Amino acid sequence: MKIALGCDHGGFPLKETALKTILLAGHEVLDLGTFTADPVDYPDTALAVGQAIQRGEADRGLLICGSGVGACVAANKLRGIRAGLCHDTYSAHQSVEHDDANVLCLGARIIGIELAPELIRAFLGAQFSGEARHVRRLEKVKKMENSG
Ligand code: RB5
């Protein structure tokens, strides 16, 4: 898969680890920055990653900010983007299997360089189950997105 990777300055310390993890797992990276530790706004990062997925330039996304919360809030404003803030491995794979999540959000100030790769691998290795109950629930989410 092609993975759009984006972070703000809060996520920057984890970016290199994330990038290497994605490559080592056999995926391609679309690096959307940031490229220095200078402050940038997480909504801009979330928009860049979300739009890459919307345009079909990436299959999934990985967003890293300080807590992971701001990036997650912003990404979920975009049509067709299902972002989850997952700091445990169960959520990281279940977000894809049940919720068809296409973006993983991480908080670089919360997790460390050992847990982050495990979360990323769990997310990237998971597939949507396609089970009827999950499809039904996602249809309801889509309706909410279209009516909001
Ligand atoms: C930046 O200081 C910080 O607010 C941002 O990275 C993120 O944690 C927001 O949720």
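The rules behind each value
- Residues numbered from 1 in each chain as written.
- Predicted model: local features only at pLDDT ≥ 70, side-chain atom pairs only at ≥ 80, totals over all residues.
- Heavy atoms only, no water.
- Near = heavy atom within 4 Å.
- Polar contact = N/O pair within 3.5 Å; in protein donor to acceptor, adjacent residues only side chain to side chain.
- Nonpolar A, V, L, I, M, F, W, Y, C, P; charged D, E, K, R; others polar.
- Helix = DSSP H or I, 4+ residues; strand = E, 2+ residues; numbered from the N terminus.
- Axes fitted to C-alpha atoms, helices over the stretch in contact; angles between N-to-C directions.
- Parallel < 35°, antiparallel > 145°, perpendicular 65-115°, else oblique.
- Left-handed = near helix turned anticlockwise from the far one by under 90°.
- Contact = heavy atoms within 4.5 Å.
- Buried < 20%, exposed > 50% of the residue type's maximum accessible area, 1.4 Å probe, protein only.
- Right-handed = clockwise from strand over helix to strand, strands pointing away.

Caption draft 1: Representation of the site of the ligand. Close contacts around the ligand come from Asp8, His9, Tyr42, Cys65, Gly66, Ser67, Val69, Gly70 and Arg109, and that covers them all. In this structure, an oxygen atom belonging to the ligand sits 2.6 Å away from a side-chain N or O atom of Asp8. A distance of 2.8 Å separates an oxygen atom of the ligand from a polar backbone atom of Ser67. Across the shell around the ligand, the residue classes tally to 3 nonpolar, 4 polar and 2 charged.

Caption draft 2: Up close: unusual backbone geometry. For the peptide bond that leads from Gly33 to Thr34, omega is 0°, which places it in the cis range. Relative to the assigned elements, Thr34 resides in the loop between strand E2 (28-31) and helix H2 (42-54). The backbone of Asp100 sits at a positive phi, close to 55°, despite the residue not being glycine. With respect to the secondary-structure elements, Asp100 resides in the loop between helix H4 (89-97) and strand E5 (103-107).

Caption draft 3: Region of interest: the packing of helix H1 (residues 12-24) against helix H5 (residues 115-125). In contact at an axis separation of 10 Å, H1 and H5 are set at 40° when each is read in the N-to-C sense. Taken together, H1 and H5 sit at an angle that is classed as oblique. For the pair H1 and H5, the crossing hand works out as right-handed. Seen from H1, the contacting residues are Leu14, Thr17, Ala18, Thr21 and Ile22; seen from H5, they are Ala116, Pro117, Ile120, Arg121 and Leu124. The class makeup of the residues in the contact of H1 with H5 is 7 nonpolar, 2 polar and 1 charged.

Caption draft 4: Spotlight on H4. Ala92, Gln94, Ser95 and Val96 are the residues of H4 that are buried. Check the buried side of H4 and you find it contacts strand E3 (60-65) and H5. Where H4 begins, one side-chain oxygen reaches toward the backbone nitrogen of Tyr90, 3.2 Å away; that side chain belongs to Asp88.

Caption draft 5: Geometry of the pairing of strand E1 (residues 2-7). Counting buried residues along E1, 5 of its 6 residues qualify, which places the element largely inside the surrounding structure. After leaving E1, the chain enters H1 and then returns to the sheet as E2, a path that is right-handed.

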